[in-house]
Structure formats: structure tokens, C-alpha cells
Amino acid sequence: MASPHRRYSTLILDLGDVLFSWSSKTETPIPPRQLKAILSSLTWFEYERGRISQAECYERVSAEFNVDAAVVAEAFQQARDSLRPNEEFLGLIRELRRQCQGQLTVLALSNISLPDYEYIMSLSSDWTSVFDRVFPSALLGERKPHLGAFRKVVSEMNLEPHTTVFVDDKLDNVVSARSLGMHGIVFDSQETVFRTLRNIFGDPAQRGRDYLRRHAGRLETSTDAGVVFEENFTQLIIYELTNDKSLITTSNCPRTWNFFRGKPLFSETFPDDVDTTSVALTVLRPDRALVNSILDEMLNYVDADGIMQTYFDHSRPRMDPFVCVNVLSLFYENGRGQDLPKTLEWVYEVLLHRAYIGGSRYYMSADCFLFFMSRLMQRVDDLAVLNRLRPLFVERMHERVGVEGNSMDYAFRLLAGSTVGVQSPRDLERLLAAQCEDGGWDLCWFYQYGSTGVKAGNRGLSTALAIKAIEAALARPPSPAPSAASSSKLEVPKSPTRPVSPRRFGDFLMPWRRSRGDGVAVA
């Protein structure tokens, strides 16, 4: 089944300098710069449109550039002989076609003369097998960046430009494609283009899950100094997001939980904390009697203002609103939210006055706070509390829509928004575009150590959040269709009688000899 997020069904590729490489350096008196100048001349453009023959083109070039026609012919023959297909790109196209399971049409649109087109068709490479149709400019009678070239392809193939991706190494050509509603990509870096195409045509959630499975049991956290260490908190969040215990490794904590699994980073010992304990008990749901006894113990660490402290250690007084939200989630999960009224009130004040902007002692993302709040609100069973929190929370969510951030911010935001119907299509697009080549999402700093400022993050968490956020966003009703004004910029006449039937290899060889049933030759 095709990925439900996929908006695009057609891929159009340039050939020269995208699917084929070549050299402008020849063993003739024509230097590379002059050869490229010839390729940019009006005479060559007419040649690529099929309006003049090769012989006439070479004669005109000879006169315009003061070079013997025989030398011109030899230079271009050597350039032609240097053409090599980009096998890596061909492999990517095959990969995308397999992933799309027959729902991807791949076309080529190239500024190329008829002799050069016949030459590349004769190459031993099976490059043509990845395409449904090739449109050489010599047969179209138009060349890029002229809009007519694009419109002919759109009409011939009955394409919807807004579901079409176009890749070319020339910005002018890409701008023309974009002006017709296509998603244009400049081929400036193969690595970047490959990543972009995989993100556009692949199934992001499946690719993300594959990444998590490949790294199951090894999804460890690392610092901004590159130190990898073992901890429990992120593992528990990954488990909550994926419901897959095989992905994580945690300590065996019979009662309260410690953030670290192994040796602490900055000291020989480290106290258990209410944050990790709250998430662990919320996610793992151990025996209710045990949980209630731990809740009773936690109440011993409420300060004089009624605010829950972070550690099971009276000698280490710390308070953090993000931590308090997770503690409240645990208490409400177990029907004891009323035990922490002052902590709840403080959390409300933090939300009201946007005190979460800029992060906290331990957490760095405002969107993380809203994500934690969404977890809390799903566990609150007191309608009075919920009715007080929800309108303000919805308002704060709307404020965050479209704010610049990293992929973890977008995922937190999408997940939190999905619980109250706040959509953010732009943030979803950014999140989808941020997927890495290996299927995971990049390392983002999730929290920091208050005393040192050391930042830490986990690609497993970034990826699990992204998967869940994408699935949550796509599960909601789609956004309204574009307005009539925005969708009427391009009116391409389409033949109601021409079927949408991509042509296969037989049509590549001599497409200029193909004719319709009425006997009229078509290009």
C-alpha cells in the first residue's frame, strides 16, 4: 500500500548533468569554456529544438565562433563519447519505484538534439528501463526553460503539476517548473537530492521504524561533546511512543528510578529522581499498591510552596516545571491529582505566562513542555481542571504553529497539537523533510544538565517522536483544499479522450515514428 502521506505521483528528471555525466574537456583546439559557450548559443538552442540539422548547426557555430566545422564536429563527438550514466541515481529511481509499488510515473525531459538522443539510446546501459517516457526537446519542438516544453509534457501525460516533482541542474528550468505548480529541486548535491527524493516518495514512518529496528537495544544517548552514556528516561519515552520493548534497555528498578543506568556522568553517585520515576510508573504501570506507596513517598519531597522537588534527596532542592508536569501525569493517572494542588497551580501559571519559552533548568524545548502538558491532559479526570487547562493550552498551541525549530520541536508540537485538533501542515512538511538518509531523524538536544550546561540527545528518541507525530498528523482530517485563487494559476488544457497510460521501452527507441490511430505523427 502506498504511504498515506504521499502527495506526489510523478517524477520528471533532466538527463545531462543529472542522470548522465560528461566532460567538456576534449583533445581539440576548443577549450571547455568555449564548448559551453557554444551550448548556450541561440544556434544550439535551435538545434536542440529540432529546427536545424546537425550539419547546419555545426556550420553556423563554425562561423559564429571562428572555429573549423570539422573541429566542432570532433569536439562534440568526443564530448558525446564521454557521456556516462549515473548508476547511483538509476539505482535510487529503481528503489523509489519499488517502494511506490507501481504508483510512481517517472519521466525524462531533456534539452537534447536528435543525434545526441539517438546516441544515448544506443548505450549499453539499461537506463531507459527506469522511465515510463522520455521527452527530448528535439521531438517536443521546445526546450527548457520555456513553459511550452513543460506544458506539452503535462498535456501529453495528463499530469497534475501539484503532484509532480521536477529535478534539474539548471535553476532557470526549476523556476519554470515551480511556476507551473511543480515541486522543483535543483540538482546541486547528489547526497542532498537523494535524501530529498527519498523523503518525498518514501514511506517516512516505515523508514523510521526500520531505523529503530536496526538499532534496537543500542539507542543510547550522547552529549554535545560526543560522550555516549546509558540512561533510563529516554528509553522509557521511546517505549511509550513505540510500544516496543525490544527497542530499549532499562534498569531493573524495584521502586524509585534513577536517570542513569550505568555510572553517572559527573559524579560517583546520583540520587533517584521523580521525573524518571513518574515516567517509568506511568509507562510501565506496575502494581497499583506499589505505585501508591511511591506516590506517598514522593509527597515527602514537596517544598514549603507546595511544589514537587526533582530528587529523592532533601539535600538537593531543585524544581522544574517540566518535571512537575510529568509528576502530575503520574498522580492523575492513579486518581490522586488532588494531592498536588499547588504544583498544578504553578504549572498553570507557567503555561499562562509562557514561562516555558526558552526551556528550563533541565529541558530545552518549549514544545517539549507542551508535549508533556498534552500527556497530562489526557490523564486528567477532573472536568473542572480540564476545562481550566484546555482553552489556555489550545491558545498556546496555536501560538507555536510554524515557529522555527528542529525536528524534535516539530514532532513535539505535532503530537501535542493532535490531542486538541490543532493542525500545523508547515511543521509536518519540515519534519518530513528532516528525515535522514538512513531513515532516522537527526540528533536534537532533549535536555541539559543544570550544573554543567552539557546538552544531551538521542536519535532514537528523535525518530520515535517523528514517527508518532507523522502518524498522528496524518490521522487527522486533511486541511482545506487550496482556494480557487491559488489553484487557478495554471490552466493546462487536457484531452478528455487521451488515456493516462505511461509508455514503456518500445516507445523510447524511435518515438518520432510513432503515430496515433488517426495517422498523425506525434513527437
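Within each chain, residue numbers correspond to sequence positions counted from 1 in written order. Totals for whole chains, interfaces and linings use all residues, but because this is a predicted model, local features are given only for residues with pLDDT of at least 70 and pairs of side-chain atoms are given and counted only at 80 or more. Processing note: side-chain calculations cover all non-hydrogen atoms of the structure and skip hydrogens and water entirely.

(A) Examining the overall build of the protein more closely. From N to C terminus, the protein includes 23 helices and eleven strands. We call two residues contacting when some pair of their heavy atoms lies within 4.5 Å. For the protein, contacts bridging at least 24 residues in sequence account for 70% of all contacts bridging at least 6. Surface exposure of the protein reaches about 23,100 Å², of which carbon and sulfur atoms provide 52%. What counts as a helix is a DSSP run of H or I of at least four residues, what counts as a strand is a run of E of at least two, and both are numbered from the N terminus. For accessible areas, the Shrake-Rupley method is used with a probe of radius 1.4 Å. Any residue's cover is judged against the shown protein chains and nothing else.

(B) Spatial organisation of the sheet that holds strand β7 (residues 183-186). For two strands to pair, DSSP has to find at least two bridges joining them. Read from one edge to the other, the open sheet built from five strands follows the order β5-β4-β1-β6-β7, with strand pairing classed as parallel. Looking along the sheet, the strands with just one partner apiece sit at the ends: β5 (133-136) and β7. Across the sheet, the mean angle separating the axes of adjacent strands is 20° when strand polarity is ignored. Here four bridges tie strand β1 (residues 10-13) to strand β4 (residues 105-110), and the two strands are oriented parallel to one another. Residue pairing in the sheet places Leu-13 in a bridge with Ala-108 of β4. Lines fitted to the C-alpha atoms define the axes, with helices restricted to the stretch that makes contact. Angles between their N-to-C directions range from 0 to 180 degrees. Packing against the sheet, helix α10 (residues 190-201) makes contact with β1, β6 (164-168) and β7, and its axis sits at approximately 160° to β7.

(C) Inspection of helix α13 (residues 274-284) at higher detail. The buried fraction of α13 amounts to ten of the eleven residues, a majority that puts the element mostly inside the structure. Remark: exposure states derive from per-residue accessible area (1.4 Å probe, protein chains only) relative to the maximum for the residue type, with buried under 20%, exposed over 50%, and partly exposed in between. Buried residues of α13: Val-274, Asp-275, Thr-276, Thr-277, Ser-278, Val-279, Ala-280, Leu-281, Thr-282 and Val-283, and no others. Looking at the buried residues of α13, the elements they touch are α12 (233-242), α14 (288-298), α15 (321-333) and α17 (366-377). Pairs of N or O atoms within 3.5 Å make up the polar contacts considered here, provided that, within protein, one atom can donate a hydrogen while the other can accept it, and that residues adjacent in sequence are counted only when both atoms are side-chain atoms. A side-chain oxygen of the first residue of α13 lies 3.0 Å from the backbone nitrogen of Asp-275; this N-cap is Asp-273. Within two residues after α13, Arg-285 carries a phi angle of roughly 50°, on the positive side.

(D) Representation of the nonpolar core. Met-298, Tyr-363, Phe-369 and Phe-446 are the most contacted members of the largest nonpolar core, which totals 93 residues. If sequence neighbours within four positions are ignored, Tyr-363 has contacts with Phe-233, Asp-275, Asp-320, Phe-322, Val-323, Asn-326, Cys-368, Phe-372, Phe-446, Tyr-447 and Gln-448. With 35 residues, the next largest nonpolar core counts Leu-104, Met-121, Phe-194 and Ile-200 among its residues. In plain words, nonpolar cores are sets of buried Ala, Val, Leu, Ile, Met, Phe, Trp, Tyr and Cys residues tied together by side-chain atoms within 4.5 Å.

(E) Representation of the pattern of salt bridges within the structure. Salt bridge criterion: a side-chain nitrogen from Lys or Arg within 4 Å of a carboxyl oxygen from Asp or Glu. A full pass over the atoms with the stated rule returns 35 salt bridges. Salt bridges here are not isolated pairs; linked through shared partners, they connect Asp-367, Arg-400, Glu-404, Arg-413, Asp-427 and Arg-430.

(F) Seen up close, the pairing of strand β10 (residues 445-448). Relative to strand β11 (residues 455-457), β10 is paired through three bridges, and the arrangement is antiparallel. Counterpart to Tyr-447 in the pairing with β11 is Ala-456.

(G) Representation of the environment of Gln-190. As for its position among the elements, Gln-190 is in helix α10. Look at Gln-190 and you get partly exposed, because its relative accessible area is 23%. The sequence separation of Gln-190 and Val-18 amounts to 172 residues, and the corresponding C-alpha distance is 8.7 Å. Those residues in contact with Gln-190 that lie beyond four places of it in its chain are Asn-86 and Glu-88.

(H) Here's a closer look at the environment of Arg-198. Examined against the element boundaries, Arg-198 turns out to sit in helix α10. When the C-alpha positions of Arg-198 and Glu-95 are compared, they lie 9.1 Å apart, and in sequence the two are 103 residues distant. Setting aside residues no more than four positions away along its own chain, Arg-198 makes contact with Leu-92, Glu-95, Leu-96, Arg-207 and Glu-437.

(I) Structural context of the confidence of the model for the protein. For the protein, the average pLDDT comes to 90, and 90% of its residues sit at 70 or higher. Residue-level confidence of the predictor, termed pLDDT, takes values from 0 up to 100. Taken as a whole, residues 477-523 scores under 50 in pLDDT and shows 64 contacts with residues more than four places along the chain or in a different chain.

(J) A look at unusual backbone geometry. Backbone torsion omega between Lys-144 and Pro-145 reads 10°, so that peptide bond is classified as cis. Structurally, Pro-145 can be placed in the loop between α7 (137-140) and α8 (147-157). Phi at Asp-17 takes a positive value of approximately 70°, unusual for a residue other than glycine. Within the fold, Asp-17 resides in the loop between β1 and β2 (20-21). Not every positive phi belongs to a glycine, and Asn-158 is a case in point at roughly 55°. We classify Asn-158 as buried; its relative accessible area is 17%.

(K) Region of the structure containing the packing of aromatic side chains. Each pair of aromatic rings taken from Phe, Tyr and Trp, with Trp reduced to its six-membered ring, is defined by centres within 6.5 Å and is described as stacked if the planes are under 30 degrees apart, edge-to-face if over 60, and tilted in the remaining cases. A complete count under the given rule lists 31 aromatic pairs for this structure. With 5.2 Å between their ring centres and 85° between their planes, Phe-260 and Phe-270 make a pair best called edge-to-face. Of this pair, Phe-260 sits in the loop between α12 and α13 while Phe-270 sits in the loop between α12 and α13, and the two are ten residues apart along the sequence. When its relative accessible area of 22% is taken as the criterion, Phe-270 is described as partly exposed. Summarising the aromatic geometry, the rings of Tyr-356 and Phe-369 are spaced 5.0 Å apart at their centres and angled 5° between planes, so their arrangement reads as stacked. Taken together, the residues span a long stretch of sequence, with Tyr-356 in the loop between α16 (341-352) and α17 and Phe-369 in helix α17 at a distance of 13 residues. One exposure class covers both Tyr-356 and Phe-369, and it is buried. Over a ring means this: the NZ of a Lys or the CZ of an Arg is within 6 Å of the ring centre and within 35 degrees of the ring normal. One cation-aromatic arrangement involves Arg-143 over Phe-45; the distance from NZ or CZ to the ring centre is 3.7 Å. In this structure, Arg-388 is placed above the aromatic ring of Tyr-348, and the distance from its NZ or CZ to the ring centre is 3.8 Å.

(L) Structural detail: the sheet that holds strand β9 (residues 228-229). Taken in spatial order, the four strands make up an open sheet running β9-β8-β11-β10, and their pairing is antiparallel. Two strands bound the open sheet, and with one partner strand each, they are β9 and β10. With two bridges connecting them, strand β8 (residues 221-223) and β11 associate as antiparallel partners. Within β11, the position partnered with Thr-223 by the bridge is Ala-456.

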